[in-house]
Amino acid sequence: MYPLGALQTNSYVVCNDATKEALIIDVGANPERILACIEGYEVKAILLTHAHFDHIAGLNEVRSSTGAPVYIHGSEQEWLSNPQLNGSSRWPTVTSSIVCTPAEQELADGQVLELAGLSIQVLYTPGHSPGGVSFLIDEHLFCGDTLFAQSIGRTDLPGGNYEQLMASIESKLAGLPEGTICYPGHGPKTTIGSEKRSNPFLSGIMK
């Protein structure tokens, strides 16, 4: 986990030491630490939980360096190249405008990706943004800005929807085993069990 950029966005590198292959999940600004981490590994894919600017700020650099294909939900394909949609033009004091070329692959709910010797289940979890997805690898859940330790993703940005976010958490995440480790887009990791017991936003949902 690498917290990067002004918003300390968590970027993740998942390595398969047996095959010397890796996956990158979200790419924050100034990704030099990511590039150092993957030295000696072949990056098979860059997976995006969503396309808000802080999650794609380092995408151009990492994509150019690795040549890896980018995966995103189709609802946010256009966001990669549109600074108004990805939000980078809205906060000029935080970031310059971000324009990325379209992703090579579009994700679908329930899809299973076989990459880097790993099986990655795609869970469509919109609400924070229209194309939000989570990635489940065994007992590891990379949930972007859908669920945080003791919190949930904000829904007051363009395309956000509180009811949709809560429905995503209830239908896609609440049923996962309590030991599932959650790796959010910001802040520390947590578990499904911990959030069921003590997340104040989820009372009555994650039972």
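These figures come from a predicted structure and were not determined experimentally.

Caption draft 1: A look at the packing of aromatic side chains. Scanning all chains against the criterion turns up 4 aromatic pairs. Considering the side-chain rings of Tyr 12 and Tyr 183, the 5.7 Å spacing of their centres and the 75° angle between planes classify their relative orientation as edge-to-face. Taken together, the residues span a long stretch of sequence, with Tyr 12 in strand S2 (residues 9-16) and Tyr 183 in strand S13 (residues 181-184) at a distance of 171 residues. Of the two residues examined, Tyr 12 and Tyr 183, each falls in the buried class. Centre to centre, the rings of Phe 53 and Trp 91 are 5.9 Å apart; their planes meet at 35°, and the pair counts as tilted. With Phe 53 in helix H2 (residues 53-56) and Trp 91 in the loop between helix H4 (83-86) and strand S6 (105-107), the pair connects residues that are 38 residues apart, well separated along the chain. For Phe 53, a relative accessible area of 8% translates into the label buried. You can call Trp 91 partly exposed: its relative accessible area is 34%. The rings of Tyr 12, Phe 142 and Tyr 183 are connected pair by pair, giving a single aromatic cluster.

Caption draft 2: Region of interest: a nonpolar patch on the surface. Together, Leu 7, Trp 91 and Val 94 make up a nonpolar patch on the protein surface, roughly 240 Å² of accessible area in all. Note that Leu 7 resides in the loop between strand S1 (2-4) and S2. Residue classification places Leu 7 among the partly exposed positions, given a relative accessible area of 41%.

Caption draft 3: Structural detail: the nonpolar core. By size, the foremost hydrophobic cluster in this structure holds 26 residues, and its most contacted members are Ile 24, Ile 46, Leu 48, Leu 59 and Leu 80. Mapped by element, the contributors of at least two residues to this core are S1, strand S3 (21-25), helix H1 (32-37), strand S4 (42-47), H2, helix H3 (59-66) and strand S5 (70-73). Discounting chain neighbours no more than four positions away, the residues touching Ile 24 are Tyr 12, Val 13, Ile 34, Ile 38, Val 43, Ala 45, Ile 46, Leu 47 and Val 62. Of all hydrophobic cores here, the second largest spans 19 residues; its members include Tyr 71, Ala 116, Phe 135 and Phe 142.

Caption draft 4: Here's a closer look at the sheet that holds S2. Overall, mixed pairing links the 6 strands, which are arranged S1-S2-S3-S4-S5-S6 in an open sheet. Sheet topology places S1 and S6 at the edges, where each strand pairs with a single neighbour. Strand-to-strand twist in this sheet, taken as the mean axis angle between neighbours without regard to direction, amounts to 25°. Across 5 bridges, the pairing between S3 and S4 is parallel. Note that in S4 the partner of Glu 21 across the bridge is Glu 42. Along the sheet, H3 contacts S3, S4 and S5; its crossing angle with S4, the most-contacted strand, is approximately 150°.

Thresholds, definitions, all that
- Residues numbered from 1 in each chain as written.
- Predicted model: local features only at pLDDT ≥ 70, side-chain atom pairs only at ≥ 80, totals over all residues.
- Heavy atoms only, no water.
- Phe/Tyr/Trp six-rings, centres within 6.5 Å; stacked < 30°, edge-to-face > 60°.
- Helix = DSSP H or I, 4+ residues; strand = E, 2+ residues; numbered from the N terminus.
- Buried < 20%, exposed > 50% of the residue type's maximum accessible area, 1.4 Å probe, protein only.
- Patch = residues over 30% accessible without salt bridge, like charges linked within 9 Å, V, L, I, M, F, W, Y side chains within 5 Å.
- Areas by Shrake-Rupley, 256 points an atom, 1.4 Å probe, with all protein chains shown as cover.
- Salt bridge = Lys/Arg side-chain N within 4 Å of Asp/Glu carboxyl O.
- Core = buried A, V, L, I, M, F, W, Y, C linked by side-chain atoms within 4.5 Å.
- Contact = heavy atoms within 4.5 Å.
- Pairing = 2+ DSSP bridges.
- Axes fitted to C-alpha atoms, helices over the stretch in contact; angles between N-to-C directions.

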